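Structural overview
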Amino acid sequence: MSRTLAGALAMADYLLPARFRDGRQVVRVADAHVLLSGHAPRVVAGWAQWSEADKQRLGALLGTRHRGEALLHHVERTVYNVFHTPDADDPLPALYALGYHERGRAFEVLPAHGQDPSDVAERLLAPAKPRRLLRVASGSGWSAPTSRGRVQLTFPDEQGMYRPPQVVTAPAVELVVDADELSWQSRDTDQDMQGPAFREKQIALLLRGTIGGGQRPLEPIVMPPGRTHLLSAPPGVGKNVFGRGLAIQQAGLDRTTVLVVSDNGDVYGEASTLQQELRAAGVKETATPFIAPNSRYKFALRSAAKLEGTGVPLAQASASIAFLVNNSAYGCAAQAQLEGRDAFEGGREPCTVAASDAFGQPERALCPYVSSCGKFSHVEAATTARIIVTTHACFQSGMIKVPVEVDGEVRNSISVREFLLRLASYVVVDEVDAYQSRGFGECGELELASRSRPTTVLRRIRDSLHQAPPRLAVAVRRPLTRAVFLAEQLLDLVAGEEVCTEVAQAQALARGQDPRRTRQVLQDRKRWYQPHQWDRHLLENLIGADPEAAATAEQSDCLQALLPRVATRPGDRPSGAVLPDRLRPVPGVLERMLTIDEGGEWQLASFKDELREIVSAALPAFCAAEDGADRAPAESTVPAQRGLDRPEPVQALTRTEVTAGVLHALMMKTWLTAIVHTMFTLTDRAG
């Protein structure tokens, strides 16, 4: 079905600028892909002027999108295939005609519907049929999985009732940060809270050092909705205090805020503090913790275990421990039917069961105890709270696996992220670097080369290529062979220290030191390697960019022009004329380094020697030297390095050391860029 693609084209038809070819209006498939990619708020210039209905429509579009439809080449091929292998149920051929296309990819379509495209999009994105609410299980004949197989469950005969929590999507509103209002509010909170008064002072300090540019902000700061706003400040200056104060202020305006913190302990700590600060500020709203249902069980046990060895019964626990236990513990009545190893794992009790006597697809039903067990009490509490505190992990990948009513439509499951984003007017993310790190860590990995596992994905594709259609095999064999060579060759060269992954490693080798004993190198090796991470080092030490200023457009073009053809798309490669004479041989040497040469033995040493001579002669910090002596310049622009184990400055880097760092940074950037470019080419050819 091409319903989603047709809806995206219809939305692009009336929301994005009109396109014309030969006097006829066309809709570009690339414009529809912008909407399908989810990046419209960032890249569409008129996003702020879109109506709320259109933004809701875009959300519905993204909710029905398949994962592959986020890739442009996939969308172009799919649209082309829809017109050449039409299906009676596909609405796309009935609404649009195929326009400009080439090599199995559609780039434009022609509107043929003769209707208002907004009406077309509304019909296409409307739910095909209403979802049916899971019925509540009753009686016998139900089963659920455990670690030892399926077990039989019996429930009361009377039919239970389940009222799903109701979510109404909050409208998009501007966030107004008013220093005066926050100051008055924090002063009232300080007066009514026990302990030292610090909130007003910390919020004023934070606003003065960030938004105010060193002075108290005189005018309110207005932040438009739909965009991410970064607040960067050192530890200990009150970012958490500011986040809580902002959430309390918005709660007083009947607006919901979600605070996203690092772990479950922080969730309960912030929620408890917010409850007290809400009362102190005179705001009659609530704050609630929200953690994944499956993690509540273990968190409740850890919280109760704090009393172990104290002799204090749980009923007499301190207020802080009582808050943790009361807001995390729950009881599963279905668990009481099982014993020993047949019991459900704590925290993973099934909240839906299946008919055990069904033929074919068994009916699923809701556990009748869901309404009273307390496992999903956070979900119900979140629908009425004005401040919701959750974790990075729960916000990114959590799921609510019980029915929820969203804007009048019943959803039998929903992601935590969508659930909270619909409730909230604002989301405040604490420790955003850790938030991003976790997101990257949860992403899928594609292993291209390995010294311990020989059956990598590229080798499996290569060994199975004889099973592919001849046309596809011919199209992908060249980039596939190049990808295998680049990935495995780089891995071998790095393992043999022929190519250094870190600048400090290369400089240590140039000094004759063992890089394995360099503490900086050991720290650097904990990170991911990305093609652009050496850009700043190359811009300053090879191109001549000012270390204290951003690189100019001309300097950035010079850096991009250093890459050989095998590492860049033709449209992304500036002309070699932008390079100074001393650097013009570099792309050719790198091209030979990355090319599979079948005419003779591939020798990296000769390529490195040639490239080293070019780089050494082109270093801006040493070009003024009259001779080639291996010494630091009188006024070197290379900053002196500080040892990690001693604060005193050390001697400035020599020409040999700077050349080594630049040489290996250039090789790593080029090699990784070539691998990325080749993989894009391979996926593009494979479709």
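Residues numbered from 1 in each chain as written. Predicted model: local features only at pLDDT ≥ 70, side-chain atom pairs only at ≥ 80, totals over all residues. Heavy atoms only, no water.

**Side note on the overall build of the protein**
Just so we agree on the cut-off: Only DSSP runs of H or I reaching four residues or more are called helices, and only runs of E reaching two or more are called strands; each is numbered from the N terminus. Relative accessibility thresholds used throughout: buried, under 20% of the residue-type maximum; exposed, over 50%; partly exposed, between the two (1.4 Å probe, protein chains only). In what follows, a contact means two residues having at least one pair of non-hydrogen atoms within 4.5 Å.
When helices and strands are tallied, the protein shows 27 helices and 21 strands. Across the 687 residues of the protein, 44% fall into the buried class. When contacts within the protein are restricted to residue pairs at least 6 apart in sequence, those whose partners lie at least 24 apart make up 68%.

**Thoughts on the packing of helix H12 (residues 293-304) against helix H13 (residues 319-326)**
Note the threshold: Angular values range over 0 to 180 degrees, each being the angle between N-to-C directions of two axes fitted as lines to C-alpha atoms, with helices fitted over their stretch in contact. By definition in this entry, angles of less than 35 degrees are roughly parallel, angles greater than 145 are roughly antiparallel, angles of 65 to 115 are roughly perpendicular, and the rest are oblique. Each crossing gets its handedness from the near helix: less than a right angle anticlockwise from the far helix is left-handed, clockwise is right-handed. Polar here means any residue outside two lists: the nonpolar Ala, Val, Leu, Ile, Met, Phe, Trp, Tyr, Cys and Pro, and the charged Asp, Glu, Lys and Arg; Gly therefore counts as polar.
Interhelical geometry of H12 versus H13 gives an angle of 160° and a closest axis separation of 9 Å. One finds that H12 runs roughly antiparallel with respect to H13. The interaxial crossing formed by H12 with H13 has left-handed handedness. Contact residues: H12 offers Phe299, Ser303 and Ala304, while H13 offers Ile321, Leu324 and Val325. For the contact of H12 with H13, the class distribution of residues is five nonpolar, one polar and no charged.

**Brief notes about the nonpolar core**
Heads up, the rule is: Buried Ala, Val, Leu, Ile, Met, Phe, Trp, Tyr and Cys residues form a nonpolar core when they are joined through side-chain atoms within 4.5 Å.
Formed by 59 residues in total, the largest nonpolar core has its most connected members in Leu458, Leu562, Met593 and Leu611. Among the secondary structure elements, those contributing two or more residues to this core are helix H19 (457-463), helix H20 (470-495), helix H23 (535-543), helix H24 (553-561), helix H25 (586-594), helix H26 (604-618) and helix H27 (655-686). The biggest single contributor to this core is H27, with 13 residues. In contact with Leu458, other than residues within four places in its own chain, are Leu448, Leu480, Ala483, Val484, Met679 and Leu682. If you look at the next biggest cluster of nonpolar residues, it comprises 42 residues, including Ala137, Ala334, Val370 and Phe395.

**Focus: the sheet that holds strand E12 (residues 257-261)**
Here is the rule we go by: Two strands pair if DSSP finds at least two bridges between them.
Pairing is parallel across the open sheet formed by four strands, whose spatial order is E13-E16-E12-E21. Single-partner strands in this sheet number two, and they are strand E13 (287-289) and strand E21 (426-429). For this sheet, the mean angle separating the axes of adjacent strands, direction not counted, is 20°. Sheet analysis places E12 next to strand E16 (residues 387-391), joined by five bridges and oriented parallel. From the neighbouring strand, Val258 faces E16, where its bridge partner is Ile388.

**Observations concerning the pairing of strand E2 (residues 24-28)**
Pairing of strand E1 (residues 19-21) with E2 involves three bridges; the strand directions are antiparallel. Among the inter-strand pairings, Arg19 is bridged to a residue of E2, identified as Val26. Turn length for the E1-E2 hairpin, with the two strands adjacent in sequence and antiparallel, is two residues, and the turn residue Asp22 shows positive phi of about 55°. Of the pairings in the sheet, the one linking E2 to strand E6 (residues 108-111) comprises two bridges and is antiparallel in character. Looking across to E6, one finds that Val27 is bridged to Val109.

**Quick word on the packing of aromatic side chains**
Note the following rule: Aromatic contacts are taken between Phe, Tyr and Trp rings whose centres are within 6.5 Å, Trp giving its six-membered ring; a plane angle under 30 degrees counts as stacked, one over 60 as edge-to-face, and the others as tilted. Criterion for a charge above a ring: Arg CZ or Lys NZ at most 6 Å from the ring centre, at most 35 degrees from the ring normal.
Summed over the entire model, instances satisfying the criterion amount to six aromatic pairs. Here the aromatic cluster, defined as three or more aromatic residues joined through ring pairs, consists of Tyr268, Phe299 and Phe323. Over the aromatic face of Tyr100 sits the side chain of Arg21, whose NZ or CZ is 4.9 Å from the ring centroid.

**Describing the pattern of salt bridges**
Two side chains that carry opposite charge are able to pair once their charged atoms sit near each other. Basically, it comes down to this: Just to be clear on terms, a salt bridge is a Lys or Arg side-chain nitrogen sitting within 4 Å of an Asp or Glu carboxyl oxygen.
Counted by the stated rule, this structure contains 25 salt bridges. Between Arg57 and Asp54 there is a salt bridge whose closest N-O contact spans 2.9 Å. Linking Arg57 with Asp54, this pair stays in helix H4 (residues 52-64), spanning three residues, or about one helical turn. In this structure, a network of salt bridges that share partners links the residues Asp190, Arg199, Arg244, Glu270 and Glu277.

**Observations regarding the sheet that holds strand E14 (residues 352-355)**
Taken in spatial order, the four strands of this open sheet run E8-E7-E14-E15, and their pairing is antiparallel. The sheet is open, and its two edges are formed by strand E8 (149-153) and strand E15 (364-366), each paired on a single side. Neighbour-to-neighbour, the strand axes of this sheet turn through a mean angle of 45°, independent of strand direction. As paired elements, E14 and E15 share three bridges and run antiparallel to each other. Paired with Val353 across the two strands is Ala365, which belongs to E15.

**Regarding the packing of H25 against H27**
Each pair of packed helices can be described by the angle between their axes along with the distance between the axes. Between H25 and H27, the shortest axis-to-axis distance is 11 Å and the interhelical angle comes to 60°. Compared by their axis directions, H25 and H27 come out oblique. Crossing of H25 against H27: the hand is right-handed. In this structure, H25 contributes Val586, Leu590, Met593 and Leu594 to the contact, and H27 contributes Leu666, Met667, Thr670, Trp671 and Ala674. Classifying every residue of the contact of H25 with H27 by side-chain character gives eight nonpolar, one polar and no charged.

**Structural notes on the environment of Phe376**
Here Phe376 lies in the loop between helix H14 (370-373) and helix H15 (377-382). With 85 residues separating them in the primary sequence, Phe376 and Ile291 have C-alpha atoms 9.7 Å apart. Non-local contacts of Phe376, meaning those with residues more than four positions away in its chain, are made with Pro293, Arg296, Cys351, Val370, Lys401 and Val402.

**Remarks on a negative patch on the surface**
Where we set the bar: A patch consists of residues exposed above 30% relative accessible area that lack any salt bridge, with like charges linked at up to 9 Å and nonpolar side chains (Val, Leu, Ile, Met, Phe, Trp, Tyr) linked at up to 5 Å. All accessible-area figures derive from a Shrake-Rupley calculation using a 1.4 Å probe, and residue coverage is judged against the displayed protein chains alone. Residues scored as charged are limited to Lys and Arg (positive) and Asp and Glu (negative), so that His and the chain ends carry no count. To locate a charge, take atom NZ for lysine, CZ for arginine, CG for aspartate or CD for glutamate.
Negative charge collects at one region of the surface, where Asp263, Asp266, Glu431 and Asp433 lie side by side. Its location among the elements puts Asp266 in helix H11 (residues 264-280).

**Section: a nonpolar patch on the surface**
There is a patch of nonpolar side chains on the surface, built from Leu230, Leu421, Val427, Val429 and Val432 and spanning about 400 Å² of accessible area. Within the secondary structure layout, Leu421 lies in helix H17 (residues 416-423). Here Leu421 falls in the partly exposed class, since its relative accessible area comes to 43%.

**Brief notes about the confidence of the model for the protein**
The cut-off we apply is this: For every residue, the predictor states its confidence as a pLDDT score lying anywhere from 0 to 100.
Averaged over every residue, the pLDDT of the protein is 82; residues scoring 70 or more account for 89%. By mean pLDDT, helix H22 (residues 519-524) is the weakest element of the protein at 58, and E16 is the strongest at 96. Here residues 631-648 scores under 50 on pLDDT; set against residues more than four positions off or in separate chains, the count is 26 contacts.

**Describing H23**
For an α-helix, 3.6 residues make a turn, and residues three or four places apart therefore share a direction. When we look at burial in H23, the residues that qualify are Asp535, Leu538, Leu539, Asn541, Leu542 and Ile543. Buried residues in H23 make contact with H24, H26 and H27.

**Digging into unusual backbone geometry**
Phi is positive for Glu431, close to 55°, though the residue is something other than glycine. Tracing the backbone shows Glu431 in the loop between E21 and helix H18 (432-442). What makes Glu431 partly exposed here is its relative accessible area of 41%. Positive phi values are uncommon outside glycine, yet Glu497 reaches one of about 60°. A relative accessible area of 31% means that Glu497 is categorised as partly exposed.

**Quick look at helix H7 (residues 117-125)**
Operational definition: By arc we mean the arc of the directions from the helix axis to the C-beta atoms, nothing more.
Every buried residue belonging to H7 is among Pro117, Ser118, Val120, Ala121, Leu124 and Leu125, and all of these are buried. An end-on view of H7 places all buried positions within 155° of arc, on one side of the element.

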